[in-house]
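Overview (structure and organization)
Spelled out, the chains give:
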Amino acid sequence: MSLLKTSERVFSRELPDVQSTLPDVRINLTRVGVKNVKKMVEVTRPGKRPVIFISIFDIFVDLPGSLKGANLSRNFEVIDEVLQSAIEGEVKEIEELCSRVARRLLDKHEYADRTEVQMRSEFMVVGETPVTGTLCQEVVKVFASAIAQRTFKEPIVRKSIGAEVTGMTACPCAQNIMQERAREVMEQLDIPKDKIDSFFKEVPMATHNQRGRGFLSIETDDESHVKLEKIIMILKQSMSTPIFELLKRGDEGHVVLSAHKNPRFVEDCVREMARRVHAEFGDLPGDSVVTIAQDNEESIHQHDAFAERQATIAELADEINGENLDIS
């Protein structure tokens, strides 16, 4: 008998399901799955062109100690099913897409009690410069995720949406030092105090700058909705100034002046984000979790400055409204 015919006979029989056998070491595993799965995601928008995301997914399920392995091909089947539903207009948000994938994974992996989906993408935003109105593009990193937990009834799903935006900050400390020096010189030139004060109101002093990366993510229940565009706007408005890929002379002067009129420490950026989140998303459920971070690349140091806060919407509201302040 030829080798080819022998091979055909072997594969015509039902092959053993090795994943379903008992492992040598019978312990539960928290996460088993696939990482760095690249997919094109198309999300429809009413009255607008669809948004295209080139995305990377990490997809996990938990695994009981009674199974040797998870059937990972099911993860790919689920994500392709949900991506097709997005193309057909059934999915309007990327975090909703992750939520659907997490739910479907529970259906496909009947042994799993918990599923997790993480998505990382780049989103192209069109901006307009502040003086000349020149249109320019900016790449924003966006993140979405969902975790589904099996229950005796419907699964409990928590989803999140977030973004990272680059901007500019100006250091208040160095600026204050420069202003004191300038004031001494002007006083020595016998310039009246009222004129010195008027000058400083119009012309901020020099300081060193940082390229800042602001991060904001909001985790909610599956029924709540958070607009990605609002997250991006909060990040842009929480640094000393937004930045632009293309600047004419007038635009460049405006951006530099705006940054120096609005100096902020890395801590100031995080607190401003928190204030704006409270103002914009204060009606979300109180247990919604907000993660805020700012990472500044220092220009006169070799290190970076960093600040972070994670809190629920309810906790932020208490602190911002002065109900839980530590003044010791």
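Thresholds, definitions, all that
- Residues numbered from 1 in each chain as written.
- Predicted model: local features only at pLDDT ≥ 70, side-chain atom pairs only at ≥ 80, totals over all residues.
- Heavy atoms only, no water.
- Salt bridge = Lys/Arg side-chain N within 4 Å of Asp/Glu carboxyl O.
- Helix = DSSP H or I, 4+ residues; strand = E, 2+ residues; numbered from the N terminus.
- Buried < 20%, exposed > 50% of the residue type's maximum accessible area, 1.4 Å probe, protein only.
- Patch = residues over 30% accessible without salt bridge, like charges linked within 9 Å, V, L, I, M, F, W, Y side chains within 5 Å.
- Areas by Shrake-Rupley, 256 points an atom, 1.4 Å probe, with all protein chains shown as cover.
- Lys, Arg positive; Asp, Glu negative; His and termini not counted.
- Charge placed at Lys NZ, Arg CZ, Asp CG, Glu CD.
- Core = buried A, V, L, I, M, F, W, Y, C linked by side-chain atoms within 4.5 Å.
- Contact = heavy atoms within 4.5 Å.
- Expected span 1.5 Å × (residues − 1).
- Arc of directions from axis to C-beta.

Further remarks concern the pattern of salt bridges. Scanning the model with the defined rule gives 26 salt bridges in all. With a shortest N-O distance of 2.8 Å, K39 and D80 are connected by a salt bridge. Here K39 is found in strand β1 (residues 29–45), whereas its partner D80 is found in helix α2 (residues 73–87), with 41 residues between them in sequence. Overall, K39 belongs to the partly exposed group, its relative accessible area being 21%. Overall, D80 belongs to the partly exposed group, its relative accessible area being 37%. Measuring nitrogen to oxygen at the nearest pair gives 2.9 Å for the salt bridge that ties D197 to K193.

Further remarks concern a positive patch on the surface. On the surface, a cluster of positive charge is contributed by R45, K48, R49 and K227. Considering the arrangement of structural elements, one finds K227 in the loop between β6 (209–221) and α6 (228–237). With relative accessibility at 52%, the residue K227 sits in the exposed group.

Among the nonpolar cores identified, the biggest contains 57 residues, and F53, F57, L216 and I231 are the most heavily contacted of them. Residues in contact with F57, not counting those within four places in the same chain, are V34, K35, N36, V37, K39, V41, I79, L97, V117, Q118 and M119. In terms of nonpolar packing, the next biggest core, distinct from the first, is built from seven residues, V32, V61, L67 and A70 among them.

So, about helix α7 (residues 249–261). The first and last C-alpha atoms of α7 sit 18 Å apart over 13 residues, in line with the 18 Å expected at 1.5 Å per residue. Three or more residues of α7 are buried, namely D251, V255, A259 and H260. Mapping the buried residues of α7 onto a view down its axis gives an arc of 160 degrees, with all of them on the same face. If you follow the buried residues of α7, they end up packed against β5 (156–170), α4 (172–188), β6 and β7 (241–242).

The next thing to look at is a nonpolar patch on the surface. A cluster of nonpolar side chains, namely V25, I27 and L29, defines an oily patch on the protein surface of about 280 Å² accessible area. Mapped onto the elements, V25 comes out in the loop between α1 (3–12) and β1. With relative accessibility at 59%, the residue V25 sits in the exposed group.

Before going further, it helps to examine the side chain of T291. Position of T291 among the secondary structure elements: in strand β8 (residues 289–298). A residue is classified by how much of its surface remains accessible, and T291, at 17% relative accessible area, is buried. Those residues in contact with T291, other than ones at most four positions away along the chain, are F215, L216, S217, E308, R309 and Q310.

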